[in-house]
There are 2 protein chains.
Amino acid sequence: MPSINRCLPALRRIRMANQTFQQSAQLRAVQRVSQVRWQHAEATTTASNAENHPPESRSGVPSKKQIKFTSESYPQLKRDSRFKELTVDDVKFFKDVLGSDNAIIDGVSQDATSELEAFRADWMRKFRGQTKLVLKPGSTEEVSKILKYCNDNKIAVNPQGGNTGLVGGSVPVFDEIVINLGRMNKIRDFDDVSGILVADAGTILEVADNHLAEHGHIFPLDLAAKGTCQIGGNVATNAGGLRLLRYGSLHGNVLGIEAVLPDGTIVNDLGKLRKNNTGYDLKQLFIGGEGTIGIITAVSILCPQRSPAVNVAYFGLSSYEKVQEAFKEAKKSLQEILSAFELMDGNSQKIMTRASGHKLPLENEYPFYCLIETSGSNEEHDSEKISAFLEHVMGEGIVEDGVLAENETQAANLWACREGVSEASQHFGGVYKYDVSIPLPELYQLVADCRQRFIDNGMMDTEDESKPVLDVIGYGHMGDSNLHLNVCTRWYDKEVEQALEPWVFEWIQKREGSISAEHGLGLTKKEYIGYSRNQTMIDLMKQIKNLYDPNGIMNPYKYI
Amino acid sequence: MPSINRCLPALRRIRMANQTFQQSAQLRAVQRVSQVRWQHAEATTTASNAENHPPESRSGVPSKKQIKFTSESYPQLKRDSRFKELTVDDVKFFKDVLGSDNAIIDGVSQDATSELEAFRADWMRKFRGQTKLVLKPGSTEEVSKILKYCNDNKIAVNPQGGNTGLVGGSVPVFDEIVINLGRMNKIRDFDDVSGILVADAGTILEVADNHLAEHGHIFPLDLAAKGTCQIGGNVATNAGGLRLLRYGSLHGNVLGIEAVLPDGTIVNDLGKLRKNNTGYDLKQLFIGGEGTIGIITAVSILCPQRSPAVNVAYFGLSSYEKVQEAFKEAKKSLQEILSAFELMDGNSQKIMTRASGHKLPLENEYPFYCLIETSGSNEEHDSEKISAFLEHVMGEGIVEDGVLAENETQAANLWACREGVSEASQHFGGVYKYDVSIPLPELYQLVADCRQRFIDNGMMDTEDESKPVLDVIGYGHMGDSNLHLNVCTRWYDKEVEQALEPWVFEWIQKREGSISAEHGLGLTKKEYIGYSRNQTMIDLMKQIKNLYDPNGIMNPYKYI
């Protein structure tokens, strides 16, 4: 254990590394990775189904290369014959309710067909439904009329927000009508004393956050997709993101919901109260309900004060035990200002430099790296706290080396080391991604075991181009016990898939983890819920689904 | 607006007031109010049904003066004839499952009858059921066997934690069997890296918090009843308390629940994960479900780091507008360290001094007082922040005068000015209490309007002993928009009651507030849910109740 005397030169090393930062182009290049991510998604065949991020606008949806229909990729799925096929009369009804401009009908024109494509295919180009109709309601009453008609006529529907989901939940599978909330995008109310925002479900997350910024507040959720995703979709999928460690989950922050049930009933539970103990908290069922029991049309949410002081540090560690110690120390000494604690293993950083050709912020290589962010009200106090923390963890030998950003550009560059991993991991061909939650002590063991599995079966080599697997990497939101396991491949390979599934799910099940920490079930995880939930829970969930949606018209073929 | 120069003398006044604090006995006397509260409850006839606090141990339940049966106080309630009356065979079954020691049967002995009384009457001496049997299961499996038997035989049950509720929810009305969770009191697990605690439902809140304190953590909930109340009961009633402003509600902090459904099904949803997006979050229905759809047997909860630095300040303000400004400023400049922002109106402080005979911390009188508490990791930083805040609000004329506690005793004395109000308000005869939530801008108007109502109808005078109403006061958790409206009376008076109800509920309904912010519905608020929830919501809640408890055996006559 190094003495406290060793700590001071170590801290100077942090500062020195920091000073050379601005001259170095290494991280700015890394940052560029995220700017080219949409091109990647277009050009690469990938088995990716997890953490990627959509482009800023929907106009990026490519049409030149046709995406396979979901029904072809998942041949075991069959259209449910209970659902009515759309007729001319149905379309007339919807046009009468919404006006012609707000119903996009396939085949009416080249433009319509092309526009429709953006709503029935997902941004990862992995899922594509066969819907012939997209509806864009402008009010809760319109949503109610549409749903009532669909329920009465057993027409299946697919509620849709920003269509930035990662598990195929936001696009239709067969001919379900898409009900897109994008037109319902008004901020209804914000009270800067209580910090409570009420907004339509179709409000873009970034628009809501910008509005809050003008009033010194912040949305208690941050996602890479924030320029596209909608807050209704965020709530419907119980999105986690970067601020969960600090501000907690949507189950705590959402104060009220307005939603429409399949039978057209408008549920007005849009309270603006932090405390209201008058009966079952039914809105919670819609949070993370993935549009299977109703459509959220508006949200009331508690928004914290925006912090003027933000600090970001990046450091290298020798083992996962040290990572856990560092996390414990950060919680203890940074406590109220800690806003992110992210983990990246050495291999994740290597593959990122390999994909981008640039170096990492630290001189030497380490098996683990962490990024911490603090947000607080007083710059001086926060700097003192973070310096004291770094002195302590380096003095005690918990952390080997580190850098502390001195300005916003440097902070963004350090974040790019974490955020660039997702794209870099699919740079060499394909990637199998798992978004899981595992109790902290065993969190990283999954990556180690998975890596060993591919070494043992001879399918992995970082250099040998004849092997399908290039590397197995791990990174994620350490503060939330949320790991992203990525198996980076040179090509899509059935044998790799067979080596992974159900092995990964069984591994997680044994540790009482979650097979979907923040991305939800959608279409891709539906079959695997049994690995994270026991049969009693699944039966109780089905009971709720049947209670609210007895005809099963809401987002069918997905969830449970 | 006073210039910044005026601010310095004002701040000196704070310090001076502070320095004379230790020599003065005034606040220590106030603190004593809370120590004699149980004697009050014994000696006083009161219509109180809201914020009071139980004694530290159940041994204080008095037996000398018989409490009226609830069925006599609420003659409109009739026993539901669907429920089976207990037979000798039923009792034999329960004794076989639990052992004789864990079934208390009325009439078996003088001791048994006397012991049973403590479980069927509430600590406020307002509610008393006619149960003949109390069961004390020692395991989840035992709870399951009991409930299955009761459900099969249509025997009504009353789940019970620490029996510290304020709305008659925790004691039986007629002959429902009491199932008390007190024997299930093990802390199952605590991980000090993630801060996740798993404990039996019967664990006393203070025991859990003391366990956490040993590991540098804190339970994210604090209540005056913490020495008696149980965490299962806290979760079942979605308790709010003092730390909600800082740590958020139980809907966000509870990560998992183990519960038993009426039919004996054990719901194992006791996850230890911050993120788990695999299906409907059903545990949320049990949070605040008040034991009407199942019995919570264990809880998994996220516990934050304990803050070493705590500061408390108390100040006077000239209007409710200034109170709102001060709150806004506190949120802005104290942000991450703000842990309480409490409001007390001038009349609440007057009645407290009148009841105790002692003076308040500030020299002059003000129409409003606030108490703020900060909790953080660094004493020096926090002191700087709170001093800067006080300098600012006094310099800007938002706050008129204030004191800042310099040690724990002073802090406790300041807290007593807030916590002593509840008891003082019933010191002169009776009190009508309302625990409500109203959007912040109109929060205090209810008190002003209510006071004016009693002045106008000639029923109130602070000095004239012939008037029933002595005063109308308001105080509460400003940070949570949670107001306690107390109408302090010289005697219990039907006309006062008629002037209050449904007027108070209608007033709240117009502002879309809640008629029960943190105390729940229980028996007393059941009839009034319509003032806070629309018919659609009530119908949907009844649907859930019928789904989980088709025989209606769980905590009948209450909730919805």
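None of the values given here were measured: they were computed from a predicted structure. (Residues numbered from 1 in each chain as written. Chains lettered and ligands numbered in written order. Predicted model: local features only at pLDDT ≥ 70, side-chain atom pairs only at ≥ 80, totals over all residues. Heavy atoms only, no water.)

1. Some details on the relation of the copies chain B and chain A
Move 1: Once turned by 180 degrees and shifted 0.0 Å along the axis, chain B lies on chain A with an RMSD of 0.1 Å. Both copies of the chain, as the preceding transformation shows, are related through a two-fold rotation axis. Within chain B, the C-alpha atom positioned nearest to the axis of rotation is that of B:Gly252, 1.9 Å from it.
Move 2: Interface residue correspondence from chain B to chain A reaches 100%, placing this contact among same-surface, isologous pairings. (Least-squares fit on C-alpha atoms with pLDDT ≥ 70 in both. Contact = heavy atoms within 4.5 Å.)

2. Side note on helix α16 (residues 408–419) of chain B
Residues and elements named next belong to chain B.
Move 1: Here α16 contains twelve residues, and its C-alpha end-to-end distance of 16 Å stays within 8% of the 16 Å for a straight helix at 1.5 Å per residue.
Move 2: For α16, every residue scored as buried is listed here: Gln 410, Ala 411, Asn 413, Leu 414, Trp 415, Ala 416, Cys 417 and Arg 418.
Move 3: Where α16 begins, the capping side chain belongs to Asn 407, and its oxygen is found 3.2 Å from the backbone nitrogen of Thr 409. (Helix = DSSP H or I, 4+ residues; strand = E, 2+ residues; numbered from the N terminus. Expected span 1.5 Å × (residues − 1). Buried < 20%, exposed > 50% of the residue type's maximum accessible area, 1.4 Å probe, protein only. Polar contact = N/O pair within 3.5 Å; in protein donor to acceptor, adjacent residues only side chain to side chain.)

3. Observations regarding the sheet that holds strand β10 (residues 309–317) of chain A
Residue and element names in this part refer to chain A.
Move 1: Across the sheet, which stays open at both edges, the seven strands sit in the order β13-β10-β12-β11-β15-β16-β14 with antiparallel pairing between neighbours. Edge positions in the open sheet fall to β13 (401–404) and β14 (430–437), since each of these has one partner strand only. Recorded for the sheet is a direction-independent mean angle of 15 degrees between the axes of neighbouring strands.
Move 2: Sheet analysis places β10 next to strand β12 (residues 368–376), joined by nine bridges and oriented antiparallel. Residue pairing across strands places Val 310 opposite Ser 375, the latter belonging to β12.
Move 3: Strands in contact with helix α15 (residues 379–395) are β10, β12 and β13; relative to β10, the strand with the most contacts, it is inclined by about 10 degrees. (Pairing = 2+ DSSP bridges. Axes fitted to C-alpha atoms, helices over the stretch in contact; angles between N-to-C directions.)

4. Thoughts on the UniProt feature "domain: FAD-binding PCMH-type" (unreviewed entry) in chain A
Move 1: With numbering matched to this structure, UniProt assigns "domain: FAD-binding PCMH-type" (unreviewed entry) to residues 127–306 of chain A.
Move 2: Between the end C-alpha atoms of residues 127–306 of chain A the distance is 37 Å, and the span holds 23% helix and 22% strand. (UniProt positions renumbered as here; feature names shortened; annotations may be inferred.)

5. Considerations on the packing of helix α18 (residues 445–456) of chain A against helix α20 (residues 503–510) of chain A
All names here are of chain A.
Move 1: Two numbers describe how α18 lies on α20: the axes approach to 11 Å, and their chain directions differ by 145 degrees. At the point where α18 passes α20, the crossing takes the right-handed sense. Counting all contacts with α18, which are made through Gln 445, Leu 446, Asp 449, Cys 450 and Arg 453, the residues of α20 involved are Trp 503, Trp 507 and Ile 508.
Move 2: Classifying every residue of the contact of α18 with α20 by side-chain character gives five nonpolar, one polar and two charged. (Left-handed = near helix turned anticlockwise from the far one by under 90°. Nonpolar A, V, L, I, M, F, W, Y, C, P; charged D, E, K, R; others polar.)

6. Examining the state of the cysteines
Residue and element names in this part refer to chain B.
Move 1: Under the counting rule described, the total for this entry stands at zero disulfides over all chains.
Move 2: Cys 417 provides the cysteine sulfur closest to Cys 370, a residue in no disulfide bond, and the two sulfurs are 13 Å apart.
Move 3: Overall, Cys 370 belongs to the buried group, its relative accessible area being 0%.
Move 4: No disulfide involves Cys 488; its sulfur sits 10 Å from the nearest other cysteine sulfur, which is in Cys 450.
Move 5: The class of Cys 488 is buried, set by a relative accessible area of 1%. (Disulfide = S-S within 2.5 Å.)

7. What to know about the domain arrangement of chain A
Move 1: Splitting chain A by domain gives domain 1 (70–180), domain 2 (187–302), domain 3 (309–423) and domain 4 (428–520).
Move 2: Centre-to-centre separation of domain 2 of chain A and domain 3 of chain A, based on C-alpha positions: 30 Å. (Domains from an automatic or database assignment.)

8. Overview of the pattern of salt bridges
Residues and elements named next belong to chain A.
Move 1: In total, this model carries 57 salt bridges over all chains according to the counting rule given.
Move 2: A salt bridge links Asp 80 to Arg 82; the nearest nitrogen and oxygen atoms lie 2.9 Å apart.
Move 3: Among the ionic pairs, Glu 117 bridges to Arg 120, the shortest N-O distance being 3.2 Å. Note that Glu 117 and Arg 120 are positioned in helix α6 (residues 110–120) at a spacing of three residues, about one turn of the helix.
Move 4: Assessed through its relative accessible area of 10%, Glu 117 is described here as buried.
Move 5: For Arg 120, a relative accessible area of 7% gives the class buried.
Move 6: A cluster of three or more residues bridged by salt bridges with shared partners is formed by Asp 209, Asp 222, Lys 226, Arg 243 and Arg 306. (Salt bridge = Lys/Arg side-chain N within 4 Å of Asp/Glu carboxyl O.)

9. Quick word on the environment of B:Glu379
All names here are of chain B.
Move 1: When you line up the elements, Glu 379 lands in helix α15 (residues 379–395).
Move 2: Glu 379 sits in the partly exposed class, given a relative accessible area of 40%.
Move 3: Put simply, Glu 379 and Ser 319 are 60 residues apart on the chain and 31 Å apart in space, counted from C-alpha to C-alpha.
Move 4: Residues within four places of Glu 379 in sequence aside, it is in contact with Ala 309, Val 310 and Asn 311.

10. Looking at the interface of chain B and chain A
Move 1: Every contact between the two is made by 93 residues of chain B and, on the other side, 93 residues of chain A.
Move 2: Counting the surface lost from both chain B and chain A, the interface buries some 7,400 Å², and carbon and sulfur atoms represent 54% of this.
Move 3: When residues of chain B are sorted by the area they lose upon contact with chain A, B:Lys275, B:Asn277 and B:Tyr280 head the list and together hold 14% of the total.
Move 4: Summed over the shared surface of chain B and chain A, the result is eight salt bridges.
Move 5: We note a salt bridge from A:Asp480 to B:Lys275, for which the minimum N-O separation is 3.1 Å.
Move 6: Inspection of the region where chain B meets chain A yields 53 residue pairs in polar contact (both at pLDDT 80 or more). (Buried area = accessible area lost by both parts, 1.4 Å probe.)

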